[in-house]
Amino acid sequence: MKRSLSRHERRPAAAILFAAAVVAMSFAGSTARGEETVRQVLPGAPAAEPPQQLTREKAPDQSEIERFCSNIADAARDRRYALQAEEMKQLQAGIDQRMKALEEKRAEYETWLKRREVFLARAEDGVVQIYAGMKPDAAAERLAIVNADLAAAILMKLDSRKASVILNEMDQTAAATLTGIMASAARRVDPS
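The shown structure was predicted, so the numbers you read here are calculated from the model rather than taken from an experiment.

A. Molecular detail of the pattern of salt bridges. Summed over all chains, the structure comprises four salt bridges. The residue Arg-106 makes a salt bridge to Glu-103 at a minimum N-O spacing of 2.8 Å. Taken together, the residues Arg-106 and Glu-103, both in helix α2 (residues 62-122) and three residues apart, mark about one turn of the helix. For Glu-103, a relative accessible area of 44% gives the class partly exposed. Here Glu-110 ties to Arg-106 by a salt bridge, and the two come within 2.6 Å at their closest N and O atoms. Here Glu-110 and its partner Arg-106 are both found in helix α2, four residues apart, which amounts to about one turn of the helix. Under the relative-accessibility criterion, Glu-110 is labelled partly exposed at 37%. Taken together, the shared-partner salt bridges in this structure form one network comprising Glu-103, Arg-106 and Glu-110.

This is how it looks when you write it as structure tokens:
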């Protein structure tokens, strides 16, 4: 069984349905016309700014572009020259630095060459002839006592067969030391 609503009960239900219909119609009407929805503004809040309209700027024509390019051509050329000059300065600084390093290497090589010549000059021909006439075991014994640089210089001036026999008769550590000195003195390339 259905209960019928009294007059007072029907009125609020009808008012609610009517209000919902009005809201739905106003919403449908505003979106159909493409209008913006209404925003609620709180009391004391700043007013909303109207949306800005975007305007399309007129595209520059060809003559404006040509004028612009001709106006900045000198400035662009000057900037390009300035960049090239800066790059050339950097390259010059690099070359100067390399030349300085090359000069230092050359001075070092000349010093090394002078040391080698002095080293070879130590062993004079008379001393070399004395050791060349000695028996290998006696020469080995004497050269082991002498300054290692002088002994190596004398061995370098001797005939290679005679020097090898003398080195063979020497103590292993002394022979190794003299061989190392002779190898570094005979080196033809830069030691560094």
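B. Structural detail: the nonpolar core. Counting residues in each nonpolar core, the largest one holds 21 residues, and the members touching the most others are Leu-143, Leu-155, Leu-158, Ile-166, Leu-167, Met-170 and Leu-178. If you list the elements that add at least two residues to this core, you get α3 (125-133), α4 (136-145), α5 (148-157), α6 (160-169) and α7 (172-186). In this structure Leu-155 touches Leu-143, Ala-163, Ile-166, Leu-167, Leu-178 and Met-182, once residues within four positions along its chain are discounted.

C. Just the packing of α4 against α6, in detail. Contact geometry for α4 and α6: axes closest at 8 Å, N-to-C directions at 70°. Classified by the angle their axes make, α4 and α6 are roughly perpendicular. Note that α4 runs across α6; the crossing there is right-handed. The segment α4 lies against α6, with Pro-136, Asp-137, Ala-139, Ala-140 and Leu-143 engaging Lys-162, Val-165, Ile-166 and Glu-169.

D. Here's a closer look at α6. Those residues of α6 lying buried are Ala-163, Ile-166 and Leu-167. On an axial view of α6, the arc spanned by its buried residues comes to 100°, and they lie on one face. With respect to the buried face of α6, the exposed residues turned more than 90 degrees away are Arg-161 and Asn-168.

Definitions and cut-offs
Residues numbered from 1 in each chain as written. Predicted model: local features only at pLDDT ≥ 70, side-chain atom pairs only at ≥ 80, totals over all residues. Heavy atoms only, no water. Salt bridge = Lys/Arg side-chain N within 4 Å of Asp/Glu carboxyl O. Helix = DSSP H or I, 4+ residues; strand = E, 2+ residues; numbered from the N terminus. Buried < 20%, exposed > 50% of the residue type's maximum accessible area, 1.4 Å probe, protein only. Core = buried A, V, L, I, M, F, W, Y, C linked by side-chain atoms within 4.5 Å. Contact = heavy atoms within 4.5 Å. Axes fitted to C-alpha atoms, helices over the stretch in contact; angles between N-to-C directions. Parallel < 35°, antiparallel > 145°, perpendicular 65-115°, else oblique. Left-handed = near helix turned anticlockwise from the far one by under 90°. Arc of directions from axis to C-beta.

None of this, on its own, says anything about what the molecule does.
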